[in-house]
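# Chains, contacts and geometry: an overview
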Amino acid sequence: MAEETKTLADLKDMVEEKAAKDAAKDAAEAAGETAEAAEEGSDAKDDAPAGDSAAAAATMPEPKIDEQGRSYATGKRKNAIARVWIKPGPGKIVVNGRELETYFARPVLRMVINQPFAVTEREDQYDVTCTVKGGGLSGQAGAVKHGISKALMFYEPALRGVLKKEGFLTRDSRVVERKKYGRRKARRSFQFSKR
């Protein structure tokens, strides 16, 4: 038990160090931009972003990691609901007890699922275990993508800006419109016959 808590503490330290390095890198870039702006004579405008990035690093939320070193999130799309756990690893993705390639045979769906890792440059750095139910394969792939994005944000809060900018943290609320009484489908009327 002591070893498990030690590894959990080590994982939290690693995440905090990575966030601190990213914040320091952003502050250095902002400082470089302000130095260039000072040469041009507009240094008063660019002093604020360097202070804002330091303040943002100080107010970064804590990573949400459980006793086993995993982050959990729920993803949704259409009628599909995915429960997703991520932890550091070689990049193995298991969906409902099956490999990603066997569960999602279409390459487009696998590409959709891997988008959060590609955007954040975290390919082959996290193992994903998820259970998904409801809907069809397309909706399930969207739900897994949403869950992975949220779990990544919980594990590394510094990635929130990148994921939010791409729209991966927002649940896609588009669903099939309900069928109405007196219609063949949601809007399609029955065929009109003059005689």
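To start, this report covers the structure provided alongside it. (Residues numbered from 1 in each chain as written. Predicted model: local features only at pLDDT ≥ 70, side-chain atom pairs only at ≥ 80, totals over all residues. Heavy atoms only, no water.)

### Examining the nonpolar core
Core analysis: the largest hydrophobic core is formed by 31 residues, its most contacted members being I86, V95, F104, I113, I148 and L152. When contributions to this core are tallied by element, the ones reaching two or more residues are β2 (80–88), β3 (93–95), α3 (100–103), α4 (107–119), β5 (126–133) and α5 (137–155). Ranked by residue count, the leading element in this core is α5, at nine residues. In this view, I148 contacts V84, I113, P116, F117 and V128; residues no more than four positions away in its chain are not counted. (Core = buried A, V, L, I, M, F, W, Y, C linked by side-chain atoms within 4.5 Å. Buried < 20%, exposed > 50% of the residue type's maximum accessible area, 1.4 Å probe, protein only. Helix = DSSP H or I, 4+ residues; strand = E, 2+ residues; numbered from the N terminus. Contact = heavy atoms within 4.5 Å.)

### As for a negative patch on the surface
Taken together, the side chains of D10, D13, E16, E17 and E62 define an acidic patch exposed on the protein surface. Mapped onto the elements of the fold, E16 is located in helix α1 (residues 2–40). Its relative accessible area of 38% is what places E16 among the partly exposed residues. (Patch = residues over 30% accessible without salt bridge, like charges linked within 9 Å, V, L, I, M, F, W, Y side chains within 5 Å. Areas by Shrake-Rupley, 256 points an atom, 1.4 Å probe, with all protein chains shown as cover. Salt bridge = Lys/Arg side-chain N within 4 Å of Asp/Glu carboxyl O. Lys, Arg positive; Asp, Glu negative; His and termini not counted. Charge placed at Lys NZ, Arg CZ, Asp CG, Glu CD.)

### Some remarks on the packing of aromatic side chains
Under the counting rule described, the total for this entry stands at four aromatic pairs. Considering the side-chain rings of F117 and Y126, the 6.5 Å spacing of their centres and the 20° angle between planes classify their relative orientation as stacked. As far as burial versus exposure is concerned, F117 and Y126 are alike and both buried. Joined through ring pairs, the aromatic side chains of F117, Y126 and Y155 make up one cluster. (Phe/Tyr/Trp six-rings, centres within 6.5 Å; stacked < 30°, edge-to-face > 60°.)

### A few points about the pairing of strand β1 (residues 71–77)
Only one face of β1 is covered, namely the one carrying S71, A73, G75 and R77; the face carrying Y72, T74 and K76 has none of its residues buried. Hairpin connection of β1 to β2: two residues between the antiparallel strands, including K78 at a positive phi of 50°. (Pairing = 2+ DSSP bridges.)

### Comments concerning the side chain of D127
Note that D127 resides in strand β5. The buried charged residue D127 lacks any salt bridge, with K87 as its nearest oppositely charged partner at 5.5 Å. Only 3.0 Å separates the side chain of D127 from the backbone nitrogen of G91, close enough to count as a polar contact. Engagement of the side chain of D127 in a polar contact is seen with the backbone nitrogen of K92, the distance being 2.9 Å. The residues touching D127, leaving out its near neighbours within four places in the chain, are W85, I86, K87, P88, G89, P90, G91 and K92. (Polar contact = N/O pair within 3.5 Å; in protein donor to acceptor, adjacent residues only side chain to side chain.)

### Some points on the sheet that holds β2
The sheet built from five strands is open, its strands ordered β1-β2-β5-β3-β4 with mixed pairing. Every interior strand has two partners, whereas the edge strands, β1 and β4 (98–99), have only one. Looking at chain direction, β3 and β4 are connected through two bridges and run antiparallel. The partner of V94 across the bridge, within β4, is E99. Sheet strands touched by α5: β1, β2 and β5. Its angle to β1, the strand with the most contacts, is close to 145°. (Axes fitted to C-alpha atoms, helices over the stretch in contact; angles between N-to-C directions.)

### Focus on the pattern of salt bridges
For the structure on display, the rule yields seven salt bridges. The closest approach of N and O atoms between R122 and E156, which form a salt bridge, is 2.9 Å. Of this pair, R122 sits in the loop between α4 and β5 while E156 sits in the loop between α5 and α6 (160–166), placing them 34 residues apart in sequence. Residue R122 is classed as buried on the basis of its relative accessible area, which comes to 8%. E156 gets classed as buried once you look at its relative accessible area, which sits at 6%.

### Let's talk about α5
Across its 19 residues, α5 extends 26 Å between first and last C-alpha, which sits within 8% of the 27 Å expected from 1.5 Å per residue. By the criterion of burial, α5 is predominantly enclosed, with 16 of the 19 residues buried. (Expected span 1.5 Å × (residues − 1).)

### Here's the deal with the packing of α4 against α5
Taken N-terminus to C-terminus, the directions of α4 and α5 make an angle of 10°; their axes are 8 Å apart at the nearest point. Classified by the angle their axes make, α4 and α5 are roughly parallel. The residues of α5 that touch α4, namely those facing L109, V112, I113, Q115, P116 and F117, are L137, S138, A141, V144, K145, I148, S149 and L152. Class assignment for the residues of the contact of α4 with α5 results in ten nonpolar, three polar and one charged. (Parallel < 35°, antiparallel > 145°, perpendicular 65-115°, else oblique. Nonpolar A, V, L, I, M, F, W, Y, C, P; charged D, E, K, R; others polar.)

Keep in mind these values describe shape, not function.
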